[in-house]
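Residues per chain, in single letters:
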Amino acid sequence: MESSSKTTAGGQPVRRRRVPAAVVVVLVLLACVATTIGVVSCVADDVSSDLSDQEMACCWEDGATPAWMSGQMGIRIPEAASDRRAGHKGGQRYDTGLLSFVLPADEAETYTGRLIRNGTKMIGNFHPEKKDYRPAAAFGDLGLPEPETLVEGLRKISLCPDELTTPEGKYLQRCVDLFTHEFEPGTTRIYVRSTIEPSVTPPPASKAP
C-alpha cells in the first residue's frame, strides 16, 4: 500500500494533509454552478438581443404617410418641404409617430419661429446619445440618423398644444419633440416625434404622401 507520509532529513515522518472529500465535492459543485450561470447568462443575453431586435422591427403601420402624420400631430408641412418621411409604430402602452422633412435653412428658421412662442429658444444638444443609440421608435427605420445623437447644427425643443397660439402652434394636436438639424450649409431637416393614442389607426396606404 502507498503511504500517505514522507520522511524528513531527520528521519521523522511528516504526514501530508488530505483535502476532505466533502470540500472537493463542494468545489466541484461550485464550478458546475458557475459554468451553468455563465451559459444561462449568455443564452439570456442572446434571447434579450433577439427580442430587442424583433421589437425594433415590429409593429410599423402601413398607411402612415407624411400627410396623415401631419394631420395627427398638427404639424403642418410647408409646401417647399422635400424628402418627406413618416412612420407610425404600435406599442403595448402607446404608439409613436415620426415625421421628417427638409427645408432651406432660412425657411426652416421662419417655420420654427411661427411655431414656437416669442421669447422661447431652441437649445443645442449638450448631452448627445451615443452613436449606437436606438429608441423603440427609431428614425433609423426611416433611413435617418437619430437626432439625439447629433450635435453640430442641431437644436431641439418640446412643445405641447396647451395655450400655444402661435401661427403654427395653434394647429398642434399633441405634445411633440421637435429637432432641427442643418446637416449641410443652407439645408435643414426637421424631425418630429410624438406619442399617438393606440386607438388611432392609420388609413390604408396611399400612392402619394
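Given the structure is predicted, the values throughout are model-derived calculations rather than measurements.

S.K.: Quick one: what's the story with the nonpolar core, residue by residue and with numbers?
M.R.: Counting residues in hydrophobic clusters, the biggest one holds 26 residues, and the most contacted among them are Met69, Ile75, Leu99, Phe101, Leu159, Leu178 and Val192. In contact with Met69, other than residues within four places in its own chain, are Ala64, Ala86, Gly87, His88, Gly97, Leu98, Leu99 and Ile196. Ranked by size, the runner-up nonpolar core spans eight residues in total, among them Leu98, Leu142, Leu150 and Tyr191.

S.K.: Residue-level account of the sheet that holds strand β6 (residues 154-159), with values.
M.R.: With respect to topology, six strands assemble into an open sheet ordered β3-β4-β8-β7-β6-β5, the strand pairing being antiparallel. Both edges of this open sheet fall to β3 (82-89) and β5 (123-124), since each of them pairs with a single strand only. Sheet topology note: the β3/strand β4 (residues 95-104) ladder contains six bridges and is antiparallel. Each residue of the ladder has a partner; that of Ser82, found in β4, is Val102. Across the sheet, helix α2 (residues 66-73) is in contact with β3, β4 and β8 (187-196); its angle to β4 comes to roughly 110°. Those strands touched by helix α3 (residues 105-115) are β4, β6, β7 (176-184) and β8, and its axis lies near 130° from that of β4.

S.K.: Pulling in residues and values, what's your account of α2?
M.R.: Buried residues dominate α2, accounting for six of its eight residues. All buried positions along α2 are accounted for by Pro66, Trp68, Met69, Ser70, Gln72 and Met73. Next to the buried residues of α2 lie β3, β4 and β8. A positive backbone phi angle near 80° is found at Gly74, which sits one or two residues after α2.

S.K.: Residue-level account of the pattern of salt bridges, with values.
M.R.: In total, this model carries eight salt bridges according to the counting rule given. Here Arg155 makes a salt bridge to Glu109, at a shortest N to O gap of 3.0 Å. Here Arg155 is found in strand β6, whereas its partner Glu109 is found in helix α3, with 46 residues between them in sequence. Looking at Glu109, the relative accessible area reads 45%, which means it is partly exposed. When the shortest N-O distance is used, the salt bridge between Glu197 and Arg174 registers 2.5 Å. You can see Glu197 sitting in the segment after β8 and its partner Arg174 sitting in the loop between β6 and β7, a full 23 residues away along the chain. Classification of Glu197 as partly exposed rests on a relative accessible area of 42%. Here Arg174 falls in the buried class, since its relative accessible area comes to 13%.

S.K.: How would you summarise a nonpolar patch on the surface if you had to cite specific residues and measurements?
M.R.: On the surface, Val26, Leu27 and Leu30 cluster together into a nonpolar patch covering about 290 Å² of accessible area. Along the chain, Val26 falls in helix α1 (residues 21-57). Given the relative accessible area of 43%, Val26 is considered partly exposed.

About the criteria used
- Residues numbered from 1 in each chain as written.
- Predicted model: local features only at pLDDT ≥ 70, side-chain atom pairs only at ≥ 80, totals over all residues.
- Heavy atoms only, no water.
- Core = buried A, V, L, I, M, F, W, Y, C linked by side-chain atoms within 4.5 Å.
- Buried < 20%, exposed > 50% of the residue type's maximum accessible area, 1.4 Å probe, protein only.
- Contact = heavy atoms within 4.5 Å.
- Pairing = 2+ DSSP bridges.
- Helix = DSSP H or I, 4+ residues; strand = E, 2+ residues; numbered from the N terminus.
- Axes fitted to C-alpha atoms, helices over the stretch in contact; angles between N-to-C directions.
- Salt bridge = Lys/Arg side-chain N within 4 Å of Asp/Glu carboxyl O.
- Patch = residues over 30% accessible without salt bridge, like charges linked within 9 Å, V, L, I, M, F, W, Y side chains within 5 Å.
- Areas by Shrake-Rupley, 256 points an atom, 1.4 Å probe, with all protein chains shown as cover.

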